[in-house]
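# Inside the fold
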There are 4 protein chains.
Amino acid sequence: MATAVLLLSCPDRRGIVAAVANFLVRHGGNVLHADQHVDTVEGIFFQRVEFDWDGFSLERAEFEAQFRSTVAEPFSMNVAVRYSEDQVRVGILASRQPHCLGDLLMRWSAGELPMDLRVVISNHPDHAELCTGLGVPYRHLPIEAEPDGKTRQEQQVREVLADHDVELVVLARYMQILSPTFIADHPNRIINIHHSFLPAFVGANPYRQAHDRGVKLIGATAHYATDDLDEGPIIDQETTRVTHRDDVARLTRAGRDLETTVLARAVRAHVEHRILVYGRKTVVF
Amino acid sequence: MATAVLLLSCPDRRGIVAAVANFLVRHGGNVLHADQHVDTVEGIFFQRVEFDWDGFSLERAEFEAQFRSTVAEPFSMNVAVRYSEDQVRVGILASRQPHCLGDLLMRWSAGELPMDLRVVISNHPDHAELCTGLGVPYRHLPIEAEPDGKTRQEQQVREVLADHDVELVVLARYMQILSPTFIADHPNRIINIHHSFLPAFVGANPYRQAHDRGVKLIGATAHYATDDLDEGPIIDQETTRVTHRDDVARLTRAGRDLETTVLARAVRAHVEHRILVYGRKTVVF
Amino acid sequence: MATAVLLLSCPDRRGIVAAVANFLVRHGGNVLHADQHVDTVEGIFFQRVEFDWDGFSLERAEFEAQFRSTVAEPFSMNVAVRYSEDQVRVGILASRQPHCLGDLLMRWSAGELPMDLRVVISNHPDHAELCTGLGVPYRHLPIEAEPDGKTRQEQQVREVLADHDVELVVLARYMQILSPTFIADHPNRIINIHHSFLPAFVGANPYRQAHDRGVKLIGATAHYATDDLDEGPIIDQETTRVTHRDDVARLTRAGRDLETTVLARAVRAHVEHRILVYGRKTVVF
Amino acid sequence: MATAVLLLSCPDRRGIVAAVANFLVRHGGNVLHADQHVDTVEGIFFQRVEFDWDGFSLERAEFEAQFRSTVAEPFSMNVAVRYSEDQVRVGILASRQPHCLGDLLMRWSAGELPMDLRVVISNHPDHAELCTGLGVPYRHLPIEAEPDGKTRQEQQVREVLADHDVELVVLARYMQILSPTFIADHPNRIINIHHSFLPAFVGANPYRQAHDRGVKLIGATAHYATDDLDEGPIIDQETTRVTHRDDVARLTRAGRDLETTVLARAVRAHVEHRILVYGRKTVVF
């Protein structure tokens, strides 16, 4: 079934829900899911509405124009419209560790993640066989040991992403730091997995930090990448219990399961158009 | 802030959300929370709307009558209207075990559970001091060792509940089986806590059954009481990990924490008017 | 580092721990991990001891003979000895669903599961490319539509397992029922994943059963296969919260993550020699 | 059944387990539970042994002296010996919030927490009735609005604790900061509950910090109090999922359940002699 999704946010006031509902009723829109939220402190209204597109009486362009003029503008709304027929075009960046990449590939190839996986890029050759075996283009872009090796490789990454018309970049334990320019050019379109329960243990070696501190839980955090490392809007998090028996190697292994789970959930939420970002926070419907 | 809650269910069709939203907008209703669900298999629409009652332009009777004629009837809705000013009147039945009763009392006396706790009834005298110390009437109704002792005690329980105008009966590990008549007279108004993850381990001694089966998780289930023991609509459930080290006594102790948590969540959902029952299932918004 | 593992069980009495510890000390055994348990109801003692094999002063045969005569026999012990140098030889049986198989392959190929994966067998051709891409022999053994098609295919499965000298059979959502003979020939050496929190929802379509019952949690159970379907000794279980919003398809998807996690944990426990079976229960150290 | 507990730590080397086991066997000690751990990085061995005291052939003084000379000294062990007959003498400090105090009282009065609860001290009068109703002395020690009011009150607290011969101080959301001297005088004998998943959100208002950061989980941490606020050895932690719908008030309420659970677990671990502290870490058997 083809569906359309409206993602809305605007200053909170009376009548928003009625206006949206009336617009859809008028044009034969059958609402399948609707979810809303008001941040009462900031006074912002958020809504996600998914409706049956097959029976809708307007074409895309008409719909978007009319909705904008009769609903969005009167309420000063930010609006995003997405159609299930247009899957999000995704590129995955990975380094040597295979668990997050492998998990996303398994889910995608099982038909579980509704995304258009365009390309996997890595600074290592390791995953070529796995990717091409599943029919996903694999680009090995090594970082040369020369003064501007890193800069040149990032430029190549950008070109490959552009060539494949990628909308969403997923950092599946990609161990290279992206430049501020790269990040600024993909606002809320890069999902990173950090291997700790942020804001605890920012920076390098969070499992070692966790071990040194003697915590009884470890965690993982999926967030949109921003300039401020590990400070971007959090999409999802999870923790699991550990004990004094878990040395750094065991924490790392337990953490891998968290990382794959949390990253997959975050990617799913994004490609199903369930996330609204405001400030450094997210609403995940 | 005074609020009103609409709990609605009806056959699913287009325009329900718009009709409800329009009605509220027309009378100055500011929606604070709205949540909806469609059971697409059964074709039933469910909605909970909570709105600011202080600024609303209609009186209670007017509101209920107009909503009924202009919205509920055209859509063949079941409607329940509740006002935050009218807290649910609750009676708790307990036996000897104190954990569920004590937990509910602590939450209520801390102002955490918005309910009007009218009376605690027990077939044991144990909790008198605790209850009266917190200002809650305590009625000790023992079961006499005579042929119809149980029947007579239940009759006394009914009278005490009636005297205190109780709407919701909470069975806080009450170890007496209630008669079918008692249950039939309180449809979806008796919450029981069963000490297993239903439908596993129905009947007596679930922790022993769990131990004999060698499960690695134990659970607890809060449900509305129905004639069919342990078969009523489930409101909430939870599980916790156990190991071979946990004998029946330790399972029982770990289970007590589950029981208190799950029962408190279920009671909260009920007194906040978040539960809709249909068939043997619940929608908990 | 090469290690050896002792898995012991015997009637409980004083002096067992001392006897085992003294034997190891005498021969230069450095204990790395030791864990013990007493089932006080049954009066059975269980122990797992892992020690550094490199520095040990006896050869395998000597060690096993001397331990048997000086410790095991006096205490009427059941003893299993395993060496980390001999990884467990594993065969995986799968049908069409890829998630459990894919997850095990990803973990194994990442070096996370210390097992000697010999072969993947399936009644479908689907996973050939994935397996052979990772260097794992894949045998497609379809079930022919003839009277004894199932029996003949099972016979072929047995032969392939024998050819590859498989010790542990993992049923990764293998949708064929194995014959009692097959199961009897592999006692506690077949791990199955059942897609419910046993003993709830035995039999077919547990996610549909769970949906019909309106539960608020779903689960998965890994167990050793026995003749009595879904009744074998439980190795591991897990649950996850669901709501009225989760239809059967969403329950199924959420369940897949449980299934992969629980099956992987159970396989890991087995290949690390952490499981002792007694009656229909397990001790998992 | 009367039991004794040995809590041991020493530099790791061969033969420790055998030496302890042999000592107990020699004197008729029947081991009920034994648990051990080696921190392989630091090279430290930890063990907890609980054995049947009724059948033991030595008196307390004899046992302690002989164990010290024949086992502890040769292995340079730190040894603590505790007897189940001597319950830990506990004093609880609380402020206005009742949930942690109420929960500990309910568990203790139900016979669930094996401790000798001597006194509850508060800078508020609120909990007097609850405590005295349960037979626990309640001391209201207000902080006077005078220059050294805080210092004088802390001195009074010390005196009350001394009068009741308190060994373990439990800070049940006690909102006063204790002086470095007070803390130094009770090393690893003050358990505090911090309302965040440490080390995230140290300091004041962690729920507000969590809300501002947009986290998807909140947590609670029980730890021994040290001079360095929120930096003491962690005993236990737990987290729970939250969403964008949870404002600070709802985070606070959800957090209260975490706080009570985690604090109760930590107190139980302490009074059952399951905790060994080393550096800023704990081993919790």
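Along each chain, residue indices are assigned from 1 in the same order as the chain's sequence is written. Think of it this way: whatever chain is written first is A, whatever ligand is written first is 1, and the rest follow in order. Only residues with pLDDT of 70 or above have their local features reported here, since the model is predicted, and side-chain atom pairs are shown and tallied only from 80 upward, although totals for entire chains, interfaces and linings are computed over all residues. Side-chain calculation: all heavy atoms of the structure are included, whereas hydrogens and water are not.

## Quick word on the interface of chain D and chain C
By definition in these notes, contact holds between two residues if any of their heavy atoms fall within 4.5 Å. Taken residue by residue, the interface counts 13 residues in chain D and 13 residues in chain C. Note on definitions: buried area is the accessible-area loss of two parts on being combined, 1.4 Å probe, summed for both. Across the interface of chain D and chain C, roughly 1,200 Å² is buried in total on both sides, 52% from carbon and sulfur atoms. By the criterion of area lost to chain C, the three top residues of chain D are Arg14(D), Asn30(D) and Gln36(D), representing 35% of everything that side buries. The salt bridge definition used is simple: a Lys or Arg side-chain nitrogen within 4 Å of an Asp or Glu carboxyl oxygen. On inspection of chain D and its partner chain C, the count reaches zero salt bridges. We define a polar contact as two N or O atoms separated by no more than 3.5 Å, with the added condition that, inside protein, one atom must be a possible hydrogen donor and the other a possible acceptor, whereas residues neighbouring each other in sequence contribute only through side-chain atom pairs. Counting across the interface, chain D meets chain C through three residue pairs in polar contact (both at pLDDT 80 or more). Strands here mean DSSP runs of E at least two residues long; helices mean DSSP runs of H or I at least four residues long; both are numbered from the N terminus. Elements that contribute at least two residues to the side of chain D that touches chain C include exactly helix H1 (16-26) and strand E2 (30-39) of chain D. In terms of residue count, H1(D) provides more of the side of chain D that touches chain C than any other element does, five residues in total. Basically, the charged four are Asp, Glu, Lys and Arg, the nonpolar ten are Ala, Val, Leu, Ile, Met, Phe, Trp, Tyr, Cys and Pro, and anything else, Gly included, counts as polar. Split by residue class, the side of chain D that touches chain C holds six nonpolar, six polar and one charged.

## Regarding the confidence of the model for chain A
Model confidence for chain A is summarised by a mean pLDDT of 95, while 100% of its residues fall at 70 or above. As a predicted assembly, this complex carries a pTM of 0.94 together with an ipTM value of 0.92. Scored between 0 and 100, pLDDT is the confidence that the predictor attaches to each residue.

## Re the side chain of Glu50(A)
Residue and element names in this part refer to chain A. Within the secondary structure, Glu-50 is located in strand E3 (residues 44-52). Burial classes follow relative accessibility: with a 1.4 Å probe on protein chains only, a residue under 20% of its type's maximum area counts as buried, one over 50% as exposed, and anything between as partly exposed. You can call Glu-50 buried: its relative accessible area is 13%. Side-chain polar atoms of Glu-50 contact the side chain of Thr-3, separated by 2.9 Å. Look past the residues within four positions of Glu-50 in its chain and what remains in contact with it is Thr-3, Ala-4, Val-5, Asn-30, Val-31, Leu-32 and His-33.

## Topic: the pattern of salt bridges
Applying the stated rule across the entire model yields 104 salt bridges over all chains. A salt bridge links Glu167(B) to Arg89(B), with the shortest nitrogen-to-oxygen separation between them at 3.7 Å. Note that Glu167(B) is positioned in the loop between helix H5 (149-163) and strand E8 (168-172) and Arg89(B) in strand E5 (residues 88-94), a separation of 78 residues in sequence. Here the residues in one salt-bridge network are Asp103(A), Arg107(A), Glu112(A), Arg268(A), Glu272(A), Arg274(A), Arg253(C), Arg256(C) and Asp257(C), joined through shared partners.

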